[in-house]
Amino acid sequence: MDNHDIDDFSILEDQNDGLEAESSGFPLPAETVPLKPDTPLYRLRLAYSHETFIAAFDGDPLPTGASVIVPTRYGKDLAQIIGPVSNNGLFNPNEIVRILGSASEEELEKSRQDQQNEIEAFHICKQKIEDHRLDMKLVSVHYLLEEQKIIF
């Protein structure tokens, strides 16, 4: 198919591969391994989108405010623990994300560097939008932690 022949741009949108949670569509659900009833659950927040979700971690207890690595629809990224939640069986297990581990100092430093790069990318993209007179408004820019991807 020639790019000039595209009439329906919806075919260019991200395709749902069935991996993301049904409620939010963003964090990836837990592995298919069932959660043990005593597995600690936490409410997490993605810093750049402020989206919150429930996640499980089988390791040592994690403190409120800690940065952790979680899988997302777009790749691994940082999330912050808002606090523990009661594992009372009320959460849909298909929507619970598995925390991969605590963020290392190197990952936190990379995130800080990425935040500086996001500012530059925001200004460049905003200028391109103006230069091309596009009918759009740039809201935010985010570099994924372990991927060579930028979300605009």
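Our structure's up above, just so we're on the same page.
Structure report, in brief.

About the thresholds
Residues numbered from 1 in each chain as written. Predicted model: local features only at pLDDT ≥ 70, side-chain atom pairs only at ≥ 80, totals over all residues. Heavy atoms only, no water. Core = buried A, V, L, I, M, F, W, Y, C linked by side-chain atoms within 4.5 Å. Buried < 20%, exposed > 50% of the residue type's maximum accessible area, 1.4 Å probe, protein only. Contact = heavy atoms within 4.5 Å. Salt bridge = Lys/Arg side-chain N within 4 Å of Asp/Glu carboxyl O. Helix = DSSP H or I, 4+ residues; strand = E, 2+ residues; numbered from the N terminus.

Here's the deal with the nonpolar core
Stage number 1. If you look at the biggest cluster of nonpolar residues, it comprises 14 residues, and the most contacted ones within it are L44, V68, V70 and I99.
Stage number 2. Setting aside residues no more than four positions away along its own chain, V68 makes contact with L44, L62, D77, L78, A79, I81, I99, G101, S102 and A103.
Stage number 3. Membership of the second largest hydrophobic core comes to 5 residues, among which are A121, C125, L138 and V141.

Considerations on the pattern of salt bridges
Stage number 1. Under the definition given, this model contains 4 salt bridges.
Stage number 2. Among the salt bridges present, the one from D58 reaches R98, with a minimum N-O distance of 3.2 Å. In this pair, D58 sits in the loop between β2 (52-56) and β3 (67-72) while R98 sits in strand β5 (residues 97-98), placing the two residues 40 residues apart along the sequence.
Stage number 3. Here R98 falls in the buried class, since its relative accessible area comes to 11%.

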